[in-house]
Amino acid sequence: MRAEAFSLNGVPALRWGRPSRRGFLYLHGQGGSKAEAEAFAAAAAEAGWQTVSIDLPGHGDRAAEAADLVPWRVVPELRGALAELRGRWDRAAFFGSSLGAWFGLLAYPDASLAGALLLSPVVDMEALIRKMMGWAGVSEKQLAREGIIPTEFGQDLSWAYLRYVRAHPVRRWKTPTAILYGGRDHLTDRGTVEAFAARNGCRLTVETAGEHWFHTPEQLAAVDRWQRAALADLG
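Keep in mind that this is a model prediction, so the values were computed, not measured.

This part covers the sheet that holds strand β10 (residues 203-207). If you trace the 8 strands from one edge of the open sheet to the other, you get β1-β2-β4-β3-β5-β6-β9-β10, paired in mixed fashion. Across the chains shown, the open sheet's two edge strands, defined by having one partner strand only, are β1 (3-8) and β10. The mean inter-strand angle of the sheet, taken between neighbouring strand axes irrespective of direction, is 20°. Sheet topology note: the strand β2 (residues 11-16)/strand β4 (residues 50-54) ladder contains 4 bridges and is antiparallel. The residue of β4 that forms the bridge with A13 is I54.

What follows is the structure in structure tokens.
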């Protein structure tokens, strides 16, 4: 499926599908890019939705902006992007994968969205950071003292980030939402995502053989079935 490159409020973006008054804003996860929206955009186009995907800082055409991949910079950017898209669409929806899902949950708790699809979403960032601190053998006192601590698994631990997360927990989410969760997700515990879904009335699908990163042919087929069913529910 071909996409048209453009700038959305100064952010590199791709526009997928025919013009429509209904559209999805697609946010990739860490390590991804706006180009990974292709499979979803094809399914959305069949259902009558246009898709716009953007690069998060440090990804895709924004590789030089890695330092800006922090919520206090990303959240205002996402709110501006959605505001711009609302001028083009009568109905706006949101697709978020992993870290992109968490950024969307932070940015749009009160947005009047037609719906949301969340793939392997991070719904409790503090729990994830504490899990990574355990992997790295880093205490809270050590992190507070040093500020930033690199890890062997490539993810810097940041005291400023942890403080922000604690001050901005994701608790309230009013948008009708479908979630796909992999039973072998090593980042978000099943109980955490089940509690979030129950608290916010989300439709949770668990793919037992799925991982946090859905990537095998069988896992990708499960993603395709789930997103097509969720798109059909949106009407």
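Along the chain, Y26 falls in strand β3 (residues 22-27). Taking the C-alpha atoms as reference, Y26 lies 9.3 Å from E36; in sequence the two are 10 residues apart. In contact with Y26, other than residues within four places in its own chain, are E36, A37, F40, T51, V52, S53, I54 and F95.

Turning next to the nonpolar core. By size, the foremost hydrophobic cluster in this structure holds 56 residues, and its most contacted members are I54, W102, F103, Y108, M125, Y161 and W173. Ranked by the residues each element gives to this core, the list is headed by helix α3 (residues 99-107), at 7 residues. When neighbours within four sequence positions are excluded, Y108 is seen to be in contact with L25, L78, R79, L82, F94, L113 and W173. Of all hydrophobic cores here, the second largest spans 22 residues; its members include L14, Y26, F40 and A93.

Quick look at the layout of surface pockets now. Taken as a whole, the largest pocket encloses approximately 1300 Å³ of empty space. As for the largest pocket, its lining consists of 44 residues, of which G29, Q30, G31, S98 and L99 are closest to the centre. Residue assignment for the lining of the largest pocket shows that the elements contributing at least two residues are α1 (38-46), β5 (91-97), α4 (125-136), β8 (157-158), α6 (159-167) and α8 (217-234). For the lining of the largest pocket, the leading source of residues is α4, giving 5 residues. Residue classes in the lining of the largest pocket are distributed as 27 nonpolar, 13 polar and 4 charged. In this structure, the second largest pocket occupies an estimated 230 Å³ of space. Together, 15 residues line the second largest pocket, and V123, D124, M125, P169 and V170 are the ones closest to its centre.

What counts, and where the lines are drawn
Residues numbered from 1 in each chain as written. Predicted model: local features only at pLDDT ≥ 70, side-chain atom pairs only at ≥ 80, totals over all residues. Heavy atoms only, no water. Pairing = 2+ DSSP bridges. Helix = DSSP H or I, 4+ residues; strand = E, 2+ residues; numbered from the N terminus. Axes fitted to C-alpha atoms, helices over the stretch in contact; angles between N-to-C directions. Contact = heavy atoms within 4.5 Å. Core = buried A, V, L, I, M, F, W, Y, C linked by side-chain atoms within 4.5 Å. Buried < 20%, exposed > 50% of the residue type's maximum accessible area, 1.4 Å probe, protein only. 1 Å grid on protein atoms, 1.4 Å probe; cavity = no way out; pocket = protein on both sides within 12 Å on 5 of 7 lines; lining within 4 Å. Points joined across faces, edges and corners; volume = space filled by probe spheres on them. Nonpolar A, V, L, I, M, F, W, Y, C, P; charged D, E, K, R; others polar.

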